[in-house]
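Reading the structure
Take a look at the letters that make up each chain.
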Amino acid sequence: MNAVASAAGVVAAAAGDAAPSVAVLLPGQGSQYPGMLRGLYGTEPVFTRVLDEVFERLGEEGARTRDDWLGHSPGVPLDDVRRAQPLLFGLDVALGTLLASWGVRPAAYLGHSAGEYAAAVLAGIMSLDDAVDVLAARVESLAGAPPGGMVAVAASAAQVAPRLTPQVVVAAVNAPSQVMLAGPHPDLGEVTAALTEDGTAWMPAKATTGYHSPSVAGACAATVPAYRRISLRAPHTPVVSGYTGRELADPLVREPRFWAMQPSRPVHFGAALSHLLGPRGPLGAGPFLLVEAGPGQGLSTVARRHPAVTRGAGTVVPLSPARAGAERDRAQLAEAARRLRPVADPALLPAGSAHTVASTPVRGKDTSWTPADAVRH
């Protein structure tokens, strides 16, 4: 067995009555930053093995992606789709698998944008190998999309509506007054200039493509055949979709076009989070722990402002620091492990310090917690 299906057996087990319910939040495009989580690579065995399997499956491009991530002068910019998308996927799945290896049993997953693709692997909707193969096709197709970008706007969807165009659209609604706009250049620049004239605060997001806008619809449609070639299954753990705001279920979860078109569809993260934390969501009435498993603390920041959190029904635990630094990476993970003790198996939690492991692919070796394990069960 490999690390992302051994974890599935642990993940699917029922949690004790006294423990809070755990939901894993998985960030997507925009959460990347130089040096992200490098301090865990080669020191956390499960984390390293998952990433090595992703890089190996991607072949020569995977090796270049790893070199650009670990190096200080990347050949391809980190925000480029060819680097951001594979790395975010790999880091999300690696942290989610590490969490499961501690005996943490999520009651649900919620991904933002590309984070939903990682959630699909962790919840058993698709195997890691299949997901990486289709990811390669997705990245290749999106790399040919028109140059563009995304911006974060401190306004509601209704407030920005007068400034939108057929090409520049609301890409994500993260909170009532926190939206993302996306589109191709120069259209996006014209819209942001108008927002500045209106006195509306905005800032650029870390993207060189207009994700979640019509400008990438053609590139997404071209990947439908790739999704038709893989096996899509019902999840063993609920996944609240940022595209529907509800748990994924048949027949939608097995629909190739649903997955293929996600990078061109708007993300309704705020609505999905409200469902996750609401009385009809998979967490019930609480108490709950929201664990952000991916680079940075962007989703943690959004979650901490949610009424269900501010009224004390639950807490938020990020596995990653907000800034780069090997010592920060390890210190934040140790702090998260301490806070997760009530919902983990103490015998499986790290004992104070990480153990150095060889950062080489582990396919074919008889080791526990190798990557495909968390999805096969």
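See the structure shown above.
Residues numbered from 1 in each chain as written. Predicted model: local features only at pLDDT ≥ 70, side-chain atom pairs only at ≥ 80, totals over all residues. Heavy atoms only, no water.

This part covers empty space enclosed by the protein. There is about 60 Å³ of room inside the largest cavity. Around the largest cavity, the lining residues are Gln-85, Ser-113, Ala-114, Arg-138, Leu-142, Tyr-211, His-212, Tyr-243, Gln-262 and Pro-263. Within the lining of the largest cavity, the residues separate by chemical class into 5 nonpolar, 4 polar and 1 charged. (1 Å grid on protein atoms, 1.4 Å probe; cavity = no way out; pocket = protein on both sides within 12 Å on 5 of 7 lines; lining within 4 Å. Points joined across faces, edges and corners; volume = space filled by probe spheres on them. Nonpolar A, V, L, I, M, F, W, Y, C, P; charged D, E, K, R; others polar.)

Glancing now at the sheet that holds strand 6 (residues 202-204). Reading across the sheet, the 4 strands line up as 4-5-3-6 and stay open at both edges, with antiparallel pairing between neighbours. Both edges of this open sheet fall to strand 4 (169-175) and strand 6, since each of them pairs with a single strand only. Geometrically, the sheet is characterised by an average inter-axis angle of 25° between neighbouring strands, direction not taken into account. Alignment of strand 3 (residues 148-153) against strand 5 (residues 178-184), held across 6 bridges, turns out to be antiparallel. Along strand 5, the bridge assignment pairs Met-150 with Ala-182. (Pairing = 2+ DSSP bridges. Helix = DSSP H or I, 4+ residues; strand = E, 2+ residues; numbered from the N terminus. Axes fitted to C-alpha atoms, helices over the stretch in contact; angles between N-to-C directions.)

On to the nonpolar core. When a protein is soluble and globular, its nonpolar side chains tend to lie buried together. Formed by 102 residues in total, the largest nonpolar core has its most connected members in Phe-47, Phe-89, Trp-102, Trp-259, Leu-276 and Leu-290. The biggest single contributor to this core is helix 4 (residues 81-101), with 9 residues. In this structure Trp-259 touches Glu-116, Ala-120, Ile-125, Met-126, Arg-138, Tyr-227, Leu-232, Leu-248 and Val-253, once residues within four positions along its chain are discounted. (Core = buried A, V, L, I, M, F, W, Y, C linked by side-chain atoms within 4.5 Å. Buried < 20%, exposed > 50% of the residue type's maximum accessible area, 1.4 Å probe, protein only. Contact = heavy atoms within 4.5 Å.)

Relative to the elements of secondary structure, Tyr-117 occurs in helix 5 (residues 115-122). When the C-alpha atoms of Tyr-117 and Asp-92 are compared, they prove to be 9.4 Å apart, with 25 residues separating the residues in sequence. Excluding residues that lie within four positions of it along the chain, Tyr-117 makes contacts with Phe-89, Met-126, Asp-130, Ala-131, Val-134, Leu-135, Arg-138 and Tyr-227.

Attention now goes to the layout of surface pockets. Quantified by volume, the largest pocket comes out at close to 790 Å³. Taken together, 33 residues make up the lining of the largest pocket; nearest its centre are Gly-30, Ser-31, Gln-178, Met-180 and Gly-298. Secondary structure elements with two or more residues in the lining of the largest pocket: strand 3, strand 4, strand 5, strand 6 and helix 13 (298-304). When the residues that make up the lining of the largest pocket are grouped by side-chain class, the tally is 17 nonpolar, 13 polar and 3 charged.

Let's shift gears to the pairing of strand 8 (residues 288-292). Within strand 8, 5 of the 5 residues are buried, which leaves the element mostly enclosed by the surrounding structure. Residues of strand 8 alternate between two faces, with Phe-288, Leu-290 and Glu-292 on one and Leu-289 and Val-291 on the opposite face, all of them buried. As judged from the 5 bridges shared by strand 1 (residues 21-26) and strand 8, these two strands associate in the parallel manner. Bridging across to strand 8, Leu-25 finds its partner in Glu-292. Relative to strand 9 (residues 314-318), strand 8 runs parallel, the two sharing 5 bridges. For Glu-292, the partnering residue across the bridge sits in strand 9 and is Pro-318.

Adjacent strands of a sheet pair through backbone hydrogen bonds, lying either parallel or antiparallel. Strand order in the open sheet made by the 5 strands is 7-2-1-8-9, with parallel pairing throughout. Pairing within the sheet leaves two strands with one partner each, and these edge strands are strand 7 (239-240) and strand 9. Both strand 1 and strand 2 (residues 108-111) contribute to a ladder of 4 bridges, which runs parallel. The residue of strand 2 that forms the bridge with Leu-25 is Leu-110.

A separate point is helix 5. In terms of burial, helix 5 is a largely internal element, 8 of the 8 residues being buried. Listing the buried residues of helix 5 in full gives Gly-115, Glu-116, Tyr-117, Ala-118, Ala-119, Ala-120, Val-121 and Leu-122. Just downstream of helix 5, Gly-124 is the residue with a positive phi angle, here 85°.

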